[in-house]
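Single-letter residue listing:
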Amino acid sequence: MLRTSVRSFALVVAAASVLVAGAISPGVAVAEDAAAPPRASATQPFEPPLVVVGTAIERGEAYGKAYKQEIQNLLETELYAMFVGKPWDKEGMQKYAHECGRVTREVCPLMAAECDGIAKGAGVSYDDIILINLHEEIRQMKGDVTSQGHCTAVAVSPADSGDGHAYNGQTWDFYTRLAGLSAMTEWQRTDGPSVLAYGYPGMPMGAGINSQGIAVTWTSGNNKQTRHVGVPSYLMIGHFLAQKNLDDVEREAKRNKHAGIFTIVISDAAGNILNVEGGPGQDVVVERSKDRMARAYYGTRQMTKSPATGKVKLHPRCQQMYDLLESSSGKNDLATIERYFSGREYKIMGWQSPENKTLDIMIFDTTDRKAYVTRGPAYHLEWREFAFHEIGRAHV
């Protein structure tokens, strides 16, 4: 399968004051201003990541300037145009974002500071950025969940991969109108682990891997979304990616400050796997594994409301993923997971609906701290390999 490594090419965007001599690795282009990188269409492969450096606010501002127009467009077309009057009014949406923004500042100060910077760079308010990151909660309050369901997430240990590497990946099943809008960003930090993240304009961390080898993927849970005030799911993902180990992730999850519905799969460089499942106003449920894990909607006994004994009642797509992994037990390496995610015959990817398909696929190698990403099969498979750049010194 075609896979291109683009580790040596990236666009570094930052204030001139943070681009000091010797801080940039050879072969990395430096932008004199915050011009945006070339945009990928739905039929083009992922572009090299935008790399942002500096303080939290400087990183966010550089990102916001690079995607200013896209952020403003997404706010108007995907939030206000889609949901005002269905059932929200604009003031109600803004009030909800403001309330969730306050909790985000309390729970996730690093993410909040980067959101402040994004808002400044994009010429919008902090609450606007919070609102973009509340997209999942708001659309589910409308009942806007397609019959095809959400993404499929998988994590395997080195013993299960058979190649000495641990992997954590997912399909990204979403609205076809958003195909090609996603991008990779490298958040180079000295105040926390750096992050190589997959996201959308203004919502930069939908999944990713950090410099400590922590990878995060996710999908929604089958629950009822309410107007619960808390940290938006997308920012909770970013908060988990700011942690150094799985114990820290579990501690932060158990603060129960979340707003949405989710099942999040987190794994580390050694292949230890943690699942965090939650719903509005509910305490999170955590489950650990040292072997493998698959999720398509909830998968824990508590959240699926399965009997105390016997098999857990899994979504059919989740069970299919487990059956596939079992059929290739000990050989679930990168190529195998790529094949399961991208082949119609395996019945994991979304392709039948004209409105909801597998837009993208990503697999994170937590052992080597690399990301492998491609547009979905409907938009031409072409895998790209991304790794961290040595810009400044990552926090350890």
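Coordinates for the structure precede this section.
In this text, all values refer to a predicted model and were calculated from it rather than measured experimentally.

A.B. asks: Please provide a residue-by-residue account of the environment of Ile 71, values included.
C.D. replies: The topology assignment puts Ile 71 in helix H2 (residues 68–83). Once the C-alpha coordinates of Ile 71 and Ile 132 are considered, the two residues, 61 residues apart in sequence, prove to be 8.5 Å apart. In this structure, Ile 71 is in contact with Tyr 63, Gly 64, Ile 118, Ala 122, Ile 129, Ile 132, Pro 201 and Gly 202, ignoring residues within four places of it in sequence.

A.B. asks: Can you explain the pairing of strand E15 (residues 356–365)? Please cite residues and give values.
C.D. replies: When you tally the buried positions in E15, you get 10 out of 10 residues, the bulk of the element. Bridge analysis of strand E6 (residues 167–175) against E15 gives 9 bridges, and the strand direction is antiparallel. The residue bridging Tyr 167 from the neighbouring strand is Asp 365, located in E15. Relative to strand E16 (residues 370–375), E15 runs antiparallel, the two being bridged by 6 bridges. Paired with Phe 364 across the two strands is Ala 371, which belongs to E16.

A.B. asks: Go over the packing of aromatic side chains, please, and point to the residues and values.
C.D. replies: Counted according to the given criterion, the structure contains 13 aromatic pairs. When the centroid spacing of 5.6 Å and the interplanar angle of 25 degrees are considered together, the rings of Trp 88 and Tyr 96 count as stacked. When sorted by exposure, Trp 88 lands in the same class as Tyr 96, which is buried. Between Trp 172 and Tyr 198 the ring centres are 4.9 Å apart and the planes differ by 55 degrees, which places this aromatic pair in the tilted class. Taken as a pair, Trp 172 in strand E6 and Tyr 198 in strand E8 (residues 195–200) lie far apart in primary sequence, 26 residues in all. As far as the burial class goes, Trp 172 and Tyr 198 line up, both buried. Members of the aromatic cluster, connected to one another through ring pairs, are Phe 46, Trp 172, Phe 174, Tyr 175, Tyr 198, Tyr 200, Trp 218 and Tyr 234. Taking the ring centre of Phe 46 as reference, the NZ or CZ of Arg 375 above it sits at 3.8 Å.

The rules behind each value
- Residues numbered from 1 in each chain as written.
- Predicted model: local features only at pLDDT ≥ 70, side-chain atom pairs only at ≥ 80, totals over all residues.
- Heavy atoms only, no water.
- Helix = DSSP H or I, 4+ residues; strand = E, 2+ residues; numbered from the N terminus.
- Contact = heavy atoms within 4.5 Å.
- Buried < 20%, exposed > 50% of the residue type's maximum accessible area, 1.4 Å probe, protein only.
- Pairing = 2+ DSSP bridges.
- Phe/Tyr/Trp six-rings, centres within 6.5 Å; stacked < 30°, edge-to-face > 60°.
- Lys NZ or Arg CZ within 6 Å of the ring centre and 35° of its normal.

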